[in-house]
Amino acid sequence: MKKKILLCVAIVSVFSFNIYSQKAKLANADKNYDNYAYIDAIKTYEKVAEKGYKSAPMFQKLGNAYYFNGELDKAVKWYAELFAMPETEIEPTYYYRYAQSLRAVNENKKADQILEQFDKISNNDSRAKLFKKNTNYLDEIKANSGRYKIENAAINSQYSDYGSSFYNNKIVFTSARDTGSLGQRKHTWTDQHFTNLYSADLGEEMSPANPVKFNKSLNSKFNEATPVFTKDGKTVYFTRNNYVDGKKGKNENGITLVKLYKATLEADKWTNIQALPFTSDSYSTAHPTLSPDEKTLYFASDMPGTLGLSDLFKVQINDDGSFTTPVNLGSSINTEGRETFPFVSQENELYFASDGHPGVGGLDIFMSRINDDGSLNKVENIGMEANSPKDDFAYIIDTKSRKGFFSSNRDGGQGYDDIYQFLETRKLICEQELYGKITDAESNIAIPNAKVTLFDNKMSILKNVEADVNGDYNFLVECGKLYTVRAEKENYSSNEKQITVPKTNGKTYLPIALEKDQCKVTIGDDLGKCFGIKMIYFDLDKSNIRTEAAMDLEKILDVLNQYPKMKLDIRSHTDSRASFKYNEALSDRRAKSTIAWLVKNGIDANRLTGKGYGENQLVNKCADGVKCTEEEHQMNRRSEFIITDL
């Protein structure tokens, strides 16, 4: 059997956010617009940064603004500033974003250096370590077991029966059984008859009836095997010896290999039998299967570019029936061993047989989910019932009934190879519904039609959806995996959250709140809140402007320059510690120092008023003699920039 699968049906062959999705326009600051002013905070941050002021949160925001917008060349500038700041603790995710941005400007060597650092601090994040060999693979296989009820199908003979396919409520399969013909020929390598295609009707429970020889117009005197049919039943792709129209092709060593063929059904007869254009006399192609949309054909081959003994490939089927150049499915699927007998389910899951991936013996059956972009997820062994110490292969499943067939030469079979039927009682991949609501962070009102993006643990996009009119979204995800969900909406700052979903089937709720990316202010509002300015910092007992205070004042200065009619009342407050008189005098000096700095930098003094209130306007209970925490006292130490006119 192993030789047969290796040689492919007994022939001498090798197988058997955009964080600011749209910058909102600044409205004119006049009373005709309901006395509201719209402040573009990011523009101000950038202007402040260009003047030489440095702040890790500011650089993070600027870098993210361009990173999520796909402007990675601009993101590099601000992430570089972030990483240049001394003694700054940087979250691991910024290492990854910085490296990705560096690659966009062809600084690959530096990107690799950043990723090496990322690997060291990220606790083996899979974005840095794409795959690691799992030394506990038998435990994983055991966890995937117990999912099948299996019995020998009632269509087997004492010979080799394998490689089935669904077709018009039938199962079509490969068989080397003796048909009683005096001219029945055997292959010298296996002492098995050359294979033909047989079919059996499937009952309501998908139990096959007595098999009969399939359409004689498709069978020849050599091997036919492993067909796949289009949904309309009018086209078949199948494996056959290099033989058509009575002519047998051979390679340079005189060996007849196998090829993929195509035929069409006309008046109950399969005609126009022809080898697919990417096949060759020099290598083998076999075991075709179609994607659910029938636009991609998968197959096994040892053609040039194969990584092992036989690999899985795919070709696109164009609208005119032509084919693209075959593409190797890559090292995540193919190994130095054998990968063969692919099958793609209606749920876009690729099943295949391999002796290169960790298994329980011989050829095992594996599965990898095909993503919307054609990429493939982690390879999973489907479990011990379906897999045995012998060869197990040619798996097909009807995803509605969860019933199907596979082939095996396991002990206890009726013939050389047998076909087994099964019921899958539990899906291989545990699934969760990841759902949530997108809301306004300030009002908690739902935001309709927000763009929501799902990322895997390597920050590769898995899917984009649009939240409904109630702000609700959902994704179907795999259990136990780390995902990132990003929400974006015009006039809001994007927000993303990471979550590791539970390891059991169910639902996981992940709400996301978005903050408006502009500050909407009017007369009486505190302009400082727009930029998170809680306090203008001074040295202890002094009133001279410190560097970090100047950076915050630059933000206020920029807004005042944008809105020449805006007037501010600058108020400085202290906590209740120290004497009442001392606090009042110190806060007043600080308010006047703030005004003086703004005037020195070009603001008309007539637009500014200010006063120190000491401990007169405490915002909590922390008066003299009341025991309070440092955090509670901090709430009273504040600076305010109250808008008095627009």
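Residues numbered from 1 in each chain as written. Predicted model: local features only at pLDDT ≥ 70, side-chain atom pairs only at ≥ 80, totals over all residues. Heavy atoms only, no water.

**A closer look at the overall build of the protein chain**
Each helix and strand counted, the protein chain has 10 helices and 37 strands in total. Expressed as a percentage of its 646 residues, the buried residues of the protein chain come to 53%. (Helix = DSSP H or I, 4+ residues; strand = E, 2+ residues; numbered from the N terminus. Buried < 20%, exposed > 50% of the residue type's maximum accessible area, 1.4 Å probe, protein only.)

**Let's talk about unusual backbone geometry**
With a phi angle near 60 degrees, Glu294 is a residue other than glycine that sits in the positive phi range. Here Glu294 shows up in the loop between β15 (285-290) and β16 (296-301). At Asn449, a residue that is not glycine, the phi angle is positive and equals roughly 60 degrees. Take Asn449: its relative accessible area is 33%, and that puts it in the partly exposed class.

**Points about the pairing of strand β28 (residues 461-466)**
The pairing of strand β27 (residues 451-455) with β28 spans 5 bridges and is classified as antiparallel. Bridge pairing in β28 places Val452 opposite Val465. Where β27 hands over to β28, the hairpin turn is made up of 5 residues, of which Met459 adopts a positive phi near 60 degrees. (Pairing = 2+ DSSP bridges.)

**Here we look at the packing of aromatic side chains**
Evaluation of the coordinates by the stated rule reveals 28 aromatic pairs. Taking 4.0 Å as the distance between ring centres and 25 degrees as the angle between the ring planes, the aromatic pair formed by Tyr167 and Phe229 counts as stacked. Of this pair, Tyr167 sits in strand β3 (residues 161-167) while Phe229 sits in strand β9 (residues 224-229), and the two are 62 residues apart along the sequence. Three or more aromatic residues joined by ring pairs form one cluster here, namely Tyr148, Tyr351, Tyr395, Phe406, Tyr420 and Phe422. (Phe/Tyr/Trp six-rings, centres within 6.5 Å; stacked < 30°, edge-to-face > 60°.)

**So, the sheet that holds strand β36 (residues 608-614)**
The 3 strands are arranged β36-β35-β37 in an open sheet whose pairing can be described as mixed. Two strands close off the open sheet at either side, each with one partner strand: β36 and β37 (639-645). Looking at each pair of strands side by side, their axes are set apart by 20 degrees on average, direction ignored. Note: strand β35 (residues 567-573) against β37, 6 bridges, orientation antiparallel. Across the sheet, Lys567 pairs through a bridge with Asp645, a residue of β37. Sheet strands touched by helix α9 (residues 580-600): β35, β36 and β37. Its angle to β36, the strand with the most contacts, is close to 160 degrees. (Axes fitted to C-alpha atoms, helices over the stretch in contact; angles between N-to-C directions. Contact = heavy atoms within 4.5 Å.)

**Re the state of the cysteines**
Scanning all chains against the criterion turns up 1 disulfide. One disulfide bridge connects Cys622 with Cys628, the sulfur atoms lying 2.1 Å from each other. One quick way to see it: the torsion about the S-S bond of Cys622 and Cys628 is about -105 degrees, and its sign makes the bridge left-handed. Using a relative accessible area of 0% as the deciding quantity, one classes Cys622 as buried. Note on Cys628: relative accessible area 16%, which makes it buried. (Disulfide = S-S within 2.5 Å.)

**Thoughts on α9**
Given a rise of 1.5 Å per residue, 21 residues ought to cover 30 Å, and the 30 Å separating the end C-alpha atoms of α9 matches this to within 8%. Turning to α9, its buried residues are Asn583, Leu586, Ser587, Arg590, Ala591, Ser593, Thr594, Ile595, Trp597 and Leu598. Structurally, α9 contributes buried residues whose contacts are with α8 (547-562), β35, β36 and β37. Note on α9: the residue one or two positions beyond its end, Gly602, has a positive phi of about 105 degrees. (Expected span 1.5 Å × (residues − 1).)

**Side note on the side chain of Asn371**
Relative to the elements of secondary structure, Asn371 occurs in the loop between β21 (364-369) and β22 (380-381). Residue classification places Asn371 among the buried positions, given a relative accessible area of 17%. Side-chain polar atoms of Asn371 contact the side chain of Asn377, separated by 2.8 Å. Aside from chain neighbours lying at most four places away, what touches Asn371 is Asn348, Leu376 and Asn377. (Polar contact = N/O pair within 3.5 Å; in protein donor to acceptor, adjacent residues only side chain to side chain.)

**Remarks on the nonpolar core**
Leu527, Met566, Leu568, Leu598 and Phe641 are the most contacted members of the largest nonpolar core, which totals 56 residues. Here the element with the most residues in this core is α8; it accounts for 8 residues. Those residues in contact with Met566 that sit more than four places away from it in its chain are Leu527, Val559, Leu560, Arg607, Ile643, Asp645 and Leu646. Tyr198, Leu202, Tyr395 and Ile397 belong to the second-largest nonpolar core, a separate cluster that totals 25 residues. (Core = buried A, V, L, I, M, F, W, Y, C linked by side-chain atoms within 4.5 Å.)

**Describing the sheet that holds β15**
Reading across from one edge, β15-β16-β17-β18 is the order of the 4 strands in this open sheet, with antiparallel pairing throughout. The open sheet has two free edges, formed respectively by β15 and β18 (327-328), since each of these has just one partner strand. The pairing of β16 with strand β17 (residues 311-316) spans 6 bridges and is antiparallel. Among the inter-strand pairings, Ser301 is bridged to a residue of β17, identified as Asp311.

**Side note on the pattern of salt bridges**
Throughout the structure, instances matching the rule amount to 27 salt bridges. Put simply, Lys54 and Glu81 hold a salt bridge, and the shortest N to O gap is 3.3 Å. With Lys54 in the loop between α2 (41-50) and α3 (56-67) and Glu81 in helix α4 (residues 72-84), this residue pair connects regions lying 27 residues apart in the sequence. (Salt bridge = Lys/Arg side-chain N within 4 Å of Asp/Glu carboxyl O.)

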